[in-house]
Amino acid sequence: MLKFSDDVIAALESGAPVVALESTIISHGLPRPRNLQVARELEAAVRDAGAVPATVAVLDGVPRVGLDDKELERVAHDEGMRKLGHRDLPVALATGASGATTVSATAFLAARAGLRFFATGGLGGVHRGWTHEQDESADLRLLAGTRITIVCAGVKSILDVPATLQRLETLGVTVVGYGTAEFPGFYLSGSGQPVDWTVGTPEEVAAVMAAQDDLSGPPAAIVVANPVPREEQLDPELHDRVLGQALAAAEDQGVTGQAVTPFLLGRLVEGTAGASLEANLAAVRGNVRLAARLAVAWSERGAHHT
Ligand code: PSU
Ligand code: MN
């Protein structure tokens, strides 16, 4: 039912490292035409590190794992691309729809495809104001039941970060800081929240995965939280001010559901004159590079753990 690119098939057959990339960040998370450039750049970064990129999307009702350049362009430029969470997949497949996959849909399809690594920018999570509006990203629950190692710069800072960390704990998702004892803040290097575990090398992450496999517990994700380098983070004062305005605008305009995250990210880009975009891209780039290194370390560990 899944359609793989030739590269991904070859890599899976030989046990070569593969990294899944999501497509919502391309279609709904970044402004055009920069988004296509970024999609290509991210794939190139995976290849440069010695792994094979597998950008995930649904095209004409077919879940795709690995896209060619034309298909990548379609994801980036086609206005009709929907935003597909995990729950949207059955309808998209049945109706022949096309859409970009969020973290939840990408993680699901990647795990189905047998991939172990996935890189994104920031996870979805519990939105601010959750006490009166129940908006929690489907990313969390899906990751709670899916065996995938996901590299991210924490969760999007538009969210209620402490509440999201609490949910990850409740849901049984393993969280490790990569080279940090502080949970990253997406656009910011730190969120002010601690992480319980810190790892420092790809081999350590591979060891955590091997231990997870050996335990053979119920499938769950391992979140590798990788901060954006401090030199590339958004100015924290600017971040807080513009985010405040963006949250107020979302409330005023009654933005709800799947539109909330793209709306807020877009407002941040405008309100920071593009600086948030640069920080977002720096975070994604770092995550993609790290995921590729992890995938290489994992495949070097040997075939019985792939
Ligand atoms: N990371 C980014 N930009 C994004 C996203 C992640 O740097 O746009 C996307 C992911 O696809 C994530 C989605 O799953 O935002 C969360 O949306 P929601 O809050 O509606 O679940
Ligand atoms: Mn939501």
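Residues numbered from 1 in each chain as written. Chains lettered and ligands numbered in written order. Predicted model: local features only at pLDDT ≥ 70, side-chain atom pairs only at ≥ 80, totals over all residues. Heavy atoms only, no water.

**Some thoughts on the nonpolar core**
Here is step 1 of the chain: Counting 62 residues, the largest nonpolar core has Leu115, Leu123, Leu143 and Phe183 as the members making the most contacts within it.
Here is step 2 of the chain: A per-element tally of this core places helix α10 (residues 236-252) first, with 6 residues.
Here is step 3 of the chain: Two domains each provide a minimum of three residues to this core, namely domain 1 (1-115) and domain 2 (123-306).
Here is step 4 of the chain: If we ignore the near neighbours within four places in the chain, the residues touching Leu123 are Val103, Asp139, Leu143, Ile150, Cys152, Gly154, Val155, Lys156, Leu159 and Val223. (Core = buried A, V, L, I, M, F, W, Y, C linked by side-chain atoms within 4.5 Å. Buried < 20%, exposed > 50% of the residue type's maximum accessible area, 1.4 Å probe, protein only. Helix = DSSP H or I, 4+ residues; strand = E, 2+ residues; numbered from the N terminus. Domains from an automatic or database assignment. Contact = heavy atoms within 4.5 Å.)

**Quick notes on the packing of helix α3 (residues 34-48) against helix α12 (residues 275-301)**
Here is step 1 of the chain: With their axes 8 Å apart at the nearest point, α3 and α12 run at an angle of 25 degrees to one another. Considering their axes alone, α3 and α12 lie roughly parallel with respect to each other. The element α3 and its partner α12 pack so that their crossing is right-handed. Of α12, the residues touching α3 (which contributes Arg34, Val38, Glu41, Leu42, Ala45 and Val46) are Leu277, Glu278, Leu281, Val284, Arg285, Val288, Arg289 and Ala292.
Here is step 2 of the chain: Its residues assigned to classes, the contact of α3 with α12 shows 9 nonpolar, no polar and 5 charged. (Axes fitted to C-alpha atoms, helices over the stretch in contact; angles between N-to-C directions. Parallel < 35°, antiparallel > 145°, perpendicular 65-115°, else oblique. Left-handed = near helix turned anticlockwise from the far one by under 90°. Nonpolar A, V, L, I, M, F, W, Y, C, P; charged D, E, K, R; others polar.)

**Description of the site of ligand 1**
Here is step 1 of the chain: Taken together, 18 residues sit near ligand 1, with Glu22, Lys83, Ser137, Lys156 and Thr261 positioned nearest.
Here is step 2 of the chain: Taking Asp139, its side chain carries an N or O atom lying 2.9 Å from an oxygen atom of ligand 1.
Here is step 3 of the chain: The fraction of the free accessible surface of ligand 1 (480 Å²) that becomes covered by protein chains is 94%.
Here is step 4 of the chain: Secondary-structure elements contributing two or more residues to the shell around ligand 1 are α2 (24-27) and α11 (260-271). (Near = heavy atom within 4 Å. Polar contact = N/O pair within 3.5 Å; in protein donor to acceptor, adjacent residues only side chain to side chain. Areas by Shrake-Rupley, 256 points an atom, 1.4 Å probe, with all protein chains shown as cover.)

**What about the pattern of salt bridges?**
Here is step 1 of the chain: Tallied over the entire structure, the rule returns 13 salt bridges.
Here is step 2 of the chain: We note a salt bridge from Asp78 to Arg74, for which the minimum N-O separation is 4.0 Å.
Here is step 3 of the chain: Overall, the relative accessible area of 29% leaves Asp78 in the partly exposed class.
Here is step 4 of the chain: Measuring nitrogen to oxygen at the nearest pair gives 3.0 Å for the salt bridge that ties Asp213 to Arg116. With Asp213 in helix α9 (residues 202-215) and Arg116 in the loop between α6 (103-112) and β7 (117-119), this pair connects stretches of sequence that are 97 residues apart.
Here is step 5 of the chain: Relative accessible area serves as the criterion here: at 18%, Asp213 is assigned to the buried category.
Here is step 6 of the chain: With a relative accessible area of 5%, Arg116 lands in the buried category.
Here is step 7 of the chain: When salt bridges with common partners are traced through the structure, they connect Arg40, Asp69 and Glu73 into a single cluster. (Salt bridge = Lys/Arg side-chain N within 4 Å of Asp/Glu carboxyl O.)

**Description of the domain arrangement of the chain**
Here is step 1 of the chain: Segmenting the chain into domains produces domain 1 (1-115) and domain 2 (123-306).
Here is step 2 of the chain: For domain 1 and domain 2, the distance between their C-alpha centres works out to 19 Å.
Here is step 3 of the chain: Every contact between the two is made by 31 residues of domain 1 and, on the other side, 27 residues of domain 2.
Here is step 4 of the chain: Carbon and sulfur atoms make up 71% of the surface buried where domain 1 meets domain 2, a total of about 2,200 Å² over both sides.
Here is step 5 of the chain: Considering only the surface of domain 1 that becomes buried against domain 2, Arg34, Lys83 and Val103 emerge as the three largest contributors, covering 23% of it.
Here is step 6 of the chain: At the boundary of domain 1 and domain 2, one finds 2 salt bridges. (Buried area = accessible area lost by both parts, 1.4 Å probe.)

**Quick notes on α11**
Here is step 1 of the chain: Over its 12 residues, α11 extends 16 Å from the first C-alpha to the last, a length consistent with the 16 Å expected when each residue adds 1.5 Å.
Here is step 2 of the chain: Those residues of α11 that are buried are in contact with β5 (82-84), α10 and α12.
Here is step 3 of the chain: Phi turns positive, to about 50 degrees, at Ala273, one or two residues after α11. (Expected span 1.5 Å × (residues − 1).)

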